[in-house]
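The lines below spell out each chain.
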Amino acid sequence: MVESPARVAAPSPPTASPQENEETVLEVRRLNFYYDGDALALSDINMKILRHRVTALIGPSGCGKSTFLRLFNRMNDLIPGTRVEGQVLFEGVDIYGSDLDPVDLRRRVGMVFQKPNPFPKSIYNNVAYGPRLLGLCDQTALDGLVERSLKQAALWNEVKDILHHSALGLSGGQQQRLCIARALANQPEVLLMDEPTSALDPIATAHIEELVGELRRDYTVVIVTHNMQQAARVSDETAFFYMGKLVEMDKTSLIFTRPRHAQTEHYITGRFG
Amino acid sequence: MARRKEAPEASRLKCGAGARSHAREARVRAIFIVSGCFSLVVMALIVLFLFREGIGLFGEVRPWDFIFGKLWYPTYDPPDFGILPLITGSLLVTLVSSLIAVPLGVGAALYLAEVASPRVREWVKPAVELLASLPSVVLGFVGMVVIAPLMQEWLDLPTGLNIINASMMLALMAIPTIASISEDALYAVPRDLPEASLALGATPWETLVKVTIPGALSGISTGVILGMSRAMGETMVVLMVAGGAAQIPDLLGSFPGFLFESVRPLPATIAAEMGETPYGGTHYHALFAIGMVLFFITLGFNLLATWLSKRFQQKGAATL
Ligand SMILES: Nc1ncnc2c1ncn2[C@@H]1O[C@H](COP(=O)(O)OP(=O)(O)OP(=O)(O)O)[C@@H](O)[C@H]1O
Ligand SMILES: [Mg+2]
């Protein structure tokens, strides 16, 4: 059995659907997703993601976690031949149904990728990339925003003297925190993270996990992870996927102590997957 | 093979096959080294020959008068060996052809890499590359027989064999080089960079301008320079189409009318005159000296290409 998470916020009654009286930011309704016309990658998913919570998506490789995560900022649109059925509501607006511009959506829903992917530009220009797109060119405001984002990403102290050096000179863990800072500089409402620590060593991983815990105060975070301890440590809610289906979702403490489905229990105790 | 020294019998039994393959590897290596050295030696010999024949000129004509002399009358008495008109001719057709070829070539590369569907790409890319395999004499022929009379008639010119005609034909030769190298460079930009840009709310256009093109700039600039150096060294097209007049066009006075003047670029001069000049004479040496100048210009282009590709490589530069 995995240890019970230390960071679960206030204890709440273990009801079947504890989300009732919480504020929903993202809601997925009867969602099917297809690659290449008719390869069903996700089927009949219903889910609510709560404001200022960290939601972890877990499940065996290939079960559709990344696919699901990329629905929220319409990154799957970039892959030709994909198709979405059902609804994804962001603050009540269907991001696939309405004529919402994906460009606007992606400014409000930021993303951190599995592999650190800083631009081959200076550290400063990496963080300033998003705000500059929005037309922010006042130097003082930009400086302030860059500093704040780097502080939020717990990177400021390490880079404050080398802001104009190449981002590619940073270590992998620093690069990943830079990518987080870059996403935060857009002041998004939701931050999507796809296995953000899978390319990092334990110390860098601990840094990022700590960071995720703090980001919860200002942002809604959805994080994909392969690491059960990580899900237990950083998340409030956990969703377990298996073969393109959402098997169960609940408070992290409940998923890791009293999962309702045998499949979930087998997965988190490492008996398969 | 330390082990073999200690126990020759055992090792021969055990690594008989290994020893054989070692011998074969050594042979393969030798073949590679020889073929590598072969081209190097031939190259060195050619350069040596070029210089030996060319350097003789400078006993009779001062280098300064050669490079900056404005008159090229090699068969007059007394002859003039000033190649400034030939140099400007070469530079002009190269410059004008790159003004045509760079936007079209880079544009084609952008279209192929970013806009075209895979199926279109599959067809258009080989077609562009096929353009590169057109023999230059065919292009020269088109310029001479098709374009020149049309131009002469429509624009009422004394001759259709001029800078702009030659530049257009040279551009056709440079476009495939530029497009193909640039397209490879764009394609080689790691997918995760444009993805990161789009995920930050950049439009596809912003992503192209701020991330993809800068990422490919090193390769694009290499393609552009190689395309230009191809136009610079190209002989047949300029021989047939540039008009052959060893004169310096009045650039500013007649702008842009100089485009319709005839010039005589460096390679065309060598090709046209080498057959008619007695072996060992001053003219003969002058043509080799022109070859030296051309050699240095193309060498310069290649060094520039290497430098640019280093300069724009986004390793630690971070200035973009
Ligand atoms: N671009 C694509 N085209 C077609 N099928 C895809 C594509 N990307 C993913 N798939 C398929 O969709 C399914 C879900 O993939 P996805 O990447 O979402 O899994 P995942 O849960 O993130 O796995 P992992 O933990 O290994 O990252 C897989 O079966 C995969 O083969
Ligand atoms: Mg994944």
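The structure we're discussing is the one just above.
Owing to the predicted nature of the structure, the values given are computational and were not obtained by experimental measurement.

> For this particular structure, what's the right way to read the side chain of A:E27?
Residue and element names in this part refer to chain A. Within the fold, E27 resides in strand 1 (residues 24–35). Here the side chain of E27 touches R29 through a polar contact of 3.2 Å, side chain to side chain. Setting aside its immediate chain neighbours within four residues, E27 contacts M47, K48, Q87, V88 and L89.

> I would appreciate a short explanation of the packing of aromatic side chains in the present structure.
What the rule picks out here adds up to 15 aromatic pairs over all chains. Between A:F68 and A:F72, the ring centres sit 5.1 Å apart and the planes meet at 80°, which makes this aromatic pair edge-to-face. By the burial criterion, A:F68 is buried, and A:F72 matches it. For the ring pair B:F51 and B:F296, a centre distance of 5.7 Å and an interplane angle of 75° mean the geometry is edge-to-face. In this pair, B:F51 sits in helix 3 (residues 16–55) while B:F296 sits in helix 13 (residues 282–311), placing the two residues 245 residues apart along the sequence. Overall, B:F296 belongs to the partly exposed group, its relative accessible area being 45%. The structure contains a cluster of three or more aromatic residues connected by ring pairs, namely B:F49, B:Y279, B:Y284 and B:F288. Stacked on the ring of A:F119, the Lys or Arg A:R182 has its end atom at 4.5 Å from the ring centre. Between B:R121 and the ring centre of B:Y187, over which it is positioned, the NZ or CZ distance is 4.2 Å.

Conventions we followed
- What you see as residue numbers is a count from 1 along each chain, following the sequence as written.
- Each chain takes a letter, starting from A, and each ligand takes a number, starting from 1, following the order in which they are written.
- Residue-level local features of this predicted model are given only where pLDDT is at least 70; pairs of side-chain atoms are given and counted only at 80 or more, and the full residue set underlies all totals for whole chains, interfaces and linings.
- Excluding hydrogens and water, the side-chain figures rest on all heavy atoms present in the structure.
- Helix numbering and strand numbering both begin at the N terminus, where a helix is a DSSP run of H or I of at least 4 residues and a strand a DSSP run of E of at least 2.
- In protein, a polar contact means a hydrogen-donor-capable atom and an acceptor-capable atom, both N or O and within 3.5 Å, with residues adjacent in sequence counting only if both atoms are side-chain atoms; elsewhere, any N or O pair within 3.5 Å suffices.
- Throughout, a contact is declared for two residues whenever any of their heavy atoms are within 4.5 Å.
- What counts as a ring pair is set by centres within 6.5 Å for rings of Phe, Tyr and Trp (its six-membered ring), and what kind of pair is set by the plane angle: stacked under 30 degrees, edge-to-face over 60, tilted for all other angles.
- The rule is simple: take the accessible area with a 1.4 Å probe, protein chains only, and divide by the maximum for that residue type; under 20% is buried, over 50% is exposed, in between is partly exposed.
- Two limits define a charge over a ring: the Lys NZ or Arg CZ must be within 6 Å of the ring centre, and within 35 degrees of the ring normal.

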